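# Structural overview for review
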Amino acid sequence: MFDANQQEILVDRTLTTDQLREREPAPGWFVSLIAPPAERHQMPIIAQHRKIGTVFIIEAPQDEVAEVWEDMSALTAIAFVANLAILGMLYLTFGRILVPLTRLAHGLSELEHQNFATRVAEPRIRELAEIVRRFNHLATALGETHDENRRLNQRLINLQDEERRRIALDLHDEFGPCFFGLSASLRLLKAIAASLTHEDHSSAIETLTEQTALMAEIIERMRVANRGILTSLRPMALGHVPLQKVLEILIADLSKLHAGVSISLKAEGLRYTYSEPIDLTVYRCVQESVTNAIRHSTASTITIELHEMEDMQENAKCKTCLRLVVEDSGKGIMDDIQAGFGLAGMKERVNALGGVWSIANRDGYGARVCMILPI
């Protein structure tokens with residue numbers, strides 16, 4: 001404040017308690033954001049119609065800006081804590097909802113891998129609990145249907161094998177004695193022809209000899225064909241000799257038919273037999289795999305491994321399994337190849353016994369057939 005002579009007049013600057021409280025200055029960016037431009041006002045002081053001085057009012061909003069900054073900082077802290085609390089509540093709420101959904105997704109994945117024994121615990125949320133109950137009912141129904149289909153497949157295969165066994169027995173019992181009788185008659189005819197030495201019978205003897213030789217050749221061809229049919233229907237040695245011996249006989253026959261292919265069998269610790277369905281399934285899988293490797297992949301080396309193993313799966317009904325692996329050195333499985341009846345038959349046989357069957361290309365070259373049967 002100044003008087004009329006422009007001399008400064010001291011003003012009592014006594015401040016209240018609130019004004020004495022020191023405030024933390026606001027940062028520069030905040031001041032420039034909200035502080036108005038400083039203004040200066042001049043007011044004259046008039047007493048008894050005479051000007052005795054002038055008052056200059058200069059704005060200084062630093063204290064108010066600092067107060068606003070303090071309020072803003074407090075509100076920001078409160079908003080931050082409130083947002084954290086809201087996020088925590090949302091996390092707990094959605095977590096409570098998403099955990100059952102995650103379990104349900106895991107259950108669907110198990111169903112995809114044909115693990116129909118999987119079940120999902122019911123959550124407390126009523127809507128999700130109803131979905132989980134329907135999922136468990138679906139898993140139960142799928143498991144029952146799968147077991148029923150497996151029993152039907154096994155029954156169908158057993159009936160098919162039984163029919164083949166009956167046909168094989170009929171062929172063996174009917175044609176076997178006939179072949180034996182024909183062979184005995186031929187030997188008798190040969191003996192009679194050898195006893196005829198008179199010159200007048202020379203042409204008859206020659207004709208008789210030629211016909212008996214032709215009949216012997218036909219009988220031998222029929223015997224070989226009959227043996228092949230019997231083996232294709234059902235190996236006669238199956239169940240009467242050890243399984244490993246039956247496979248060795250099969251591999252020996254295949255090696256004779258395909259002399260340029262090396263076929264080896266690695267089998268250790270096998271039982272005498274594993275029941276007729278398992279033995280026949282192993283026999284057919286080996287026969288079909290080797291035949292496919294020779295016919296379609298032009299393999300020069302085929303390796304067969306057969307051994308028992310422990311099933312490491314937690315939900316396995318049987319802890320001991322029979323594992324068969326057939327590997328070849330051919331050109332492998334082409335992308336455009338279509339599965340034939342042989343591959344489909346192997347898969348159906350293995351699935352009917354509750355096993356696992358797969359075929360894939362090996363690393364590098366060749367194909368690999370793997371079969372695991374529960375014992």
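Criteria and cut-off values
- Residues numbered from 1 in each chain as written.
- Predicted model: local features only at pLDDT ≥ 70, side-chain atom pairs only at ≥ 80, totals over all residues.
- Heavy atoms only, no water.
- Phe/Tyr/Trp six-rings, centres within 6.5 Å; stacked < 30°, edge-to-face > 60°.
- Helix = DSSP H or I, 4+ residues; strand = E, 2+ residues; numbered from the N terminus.
- Buried < 20%, exposed > 50% of the residue type's maximum accessible area, 1.4 Å probe, protein only.
- Axes fitted to C-alpha atoms, helices over the stretch in contact; angles between N-to-C directions.
- Parallel < 35°, antiparallel > 145°, perpendicular 65-115°, else oblique.
- Left-handed = near helix turned anticlockwise from the far one by under 90°.
- Contact = heavy atoms within 4.5 Å.
- Expected span 1.5 Å × (residues − 1).
- 1 Å grid on protein atoms, 1.4 Å probe; cavity = no way out; pocket = protein on both sides within 12 Å on 5 of 7 lines; lining within 4 Å.
- Points joined across faces, edges and corners; volume = space filled by probe spheres on them.
- Pairing = 2+ DSSP bridges.
- Core = buried A, V, L, I, M, F, W, Y, C linked by side-chain atoms within 4.5 Å.
- pLDDT = per-residue confidence, 0-100.
- Salt bridge = Lys/Arg side-chain N within 4 Å of Asp/Glu carboxyl O.

## Focus on the packing of aromatic side chains
- According to the stated counting rule, one finds 1 aromatic pair in the structure shown.
- Ring centres 5.8 Å apart and planes at 85 degrees place the aromatic pair Trp29 and Trp69 in the edge-to-face group. With Trp29 in helix α2 (residues 28-34) and Trp69 in helix α3 (residues 62-112), this pair connects stretches of sequence that are 40 residues apart.
- Judged by relative accessible area, Trp29 falls into the exposed class, the value being 54%.

## What about the packing of helix α6 (residues 243-257) against helix α7 (residues 276-296)?
- Their axes nearest at 11 Å, the elements α6 and α7 cross at an angle of 20 degrees. When the axes of α6 and α7 are compared, the pair comes out roughly parallel. You can see that α6 and α7 cross each other, and the crossing is right-handed. For the pair α6 and α7, the contacting residues are Leu243, Val246, Leu247, Leu250 and Leu254 in the first and Asp279, Val282, Tyr283, Val286, Gln287 and Val290 in the second.

## Points about α7
- Here α7 contains 21 residues, and its C-alpha end-to-end distance of 29 Å stays within 8% of the 30 Å for a straight helix at 1.5 Å per residue.
- One or two positions beyond α7, positive phi appears at Thr298, with a value near 50 degrees.

## As for empty space enclosed by the protein
- Scanning all chains against the criterion turns up 1 cavity of 30 Å³ or more.
- Of the pockets and cavities examined, the largest cavity occupies roughly 50 Å³.
- Residue lining of the largest cavity: Gln154, Ile157, Asn158, Asp161, Pro277, Thr281, Arg349, Ala352 and Leu353, and that is the complete set.
- Where the lining of the largest cavity is concerned, the elements lending two or more residues are α4 (126-195), α7 and α8 (341-352).
- It is α4 that contributes the most residues to the lining of the largest cavity, 4 residues altogether.

## A short note on the pairing of strand β5 (residues 301-310)
- The pairing of strand β4 (residues 262-267) with β5 spans 6 bridges and is classified as parallel. The residue bridging Lys266 from the neighbouring strand is Glu305, located in β5.
- One ladder, built from 9 bridges, connects β5 with strand β6 (residues 320-328); its direction is antiparallel. Directly across from Glu305, in β6, lies its bridge partner Val325.

## A short note on the nonpolar core
- Residues Ile263, Val282, Ile302, Ile304, Leu306 and Leu324 are the most contacted members of the largest nonpolar core, which totals 36 residues.
- Of all the secondary-structure elements, those providing two or more residues to this core are α6, β4, α7, β5, β6, α8 and β8 (367-374).

## A closer look at the confidence of the model for the protein
- For the protein, the mean per-residue pLDDT works out to 77, and 83% of the residues sit at or above 70.
- Throughout residues 12-17 the model reports pLDDT below 50, and contacts reaching past four residues in sequence, or to other chains, amount to 1 contact.

## Notes on the environment of Arg166
- Summarising the element assignment, Arg166 is placed in helix α4.
- We classify Arg166 as partly exposed; its relative accessible area is 41%.
- Between the alpha carbons of Arg166 and Arg234 there is a distance of 9.4 Å; along the sequence they are 68 residues apart.

## With respect to the environment of His41
- Looking at where His41 falls in the secondary structure, it is placed in strand β2 (residues 40-47).
- Residue class for His41 comes out partly exposed when judged on its relative accessible area of 36%.
- Once the C-alpha coordinates of His41 and Phe56 are considered, the two residues, 15 residues apart in sequence, prove to be 5.6 Å apart.

## Observations concerning the pattern of salt bridges
- Applying the stated rule across the entire model yields 5 salt bridges.
- Here Arg133 ties to Glu122 by a salt bridge, and the two come within 3.3 Å at their closest N and O atoms. Taken together, the residues Arg133 in helix α4 and Glu122 in the loop between α3 and α4 connect sequence positions 11 residues apart.
- Residues Arg368 and Glu327 are paired through a salt bridge, measuring 3.1 Å at the closest nitrogen-oxygen approach.

## Remarks on the environment of Ser183
- If you trace the backbone, Ser183 turns up in helix α4.
- Ser183 sits 36 residues away from Ile219 along the chain, and the two C-alpha atoms are 7.7 Å apart.

## Side note on the sheet that holds β5
- Across the sheet, 5 strands lie side by side as β4-β5-β6-β8-β7; this open sheet has mixed pairing. The open sheet has two free edges, formed respectively by β4 and β7 (356-361), since each of these has just one partner strand. Recorded for the sheet is a direction-independent mean angle of 10 degrees between the axes of neighbouring strands.
- Lying on the sheet, α7 is in contact with β4, β5, β6 and β8; it crosses β8 at an angle near 175 degrees.

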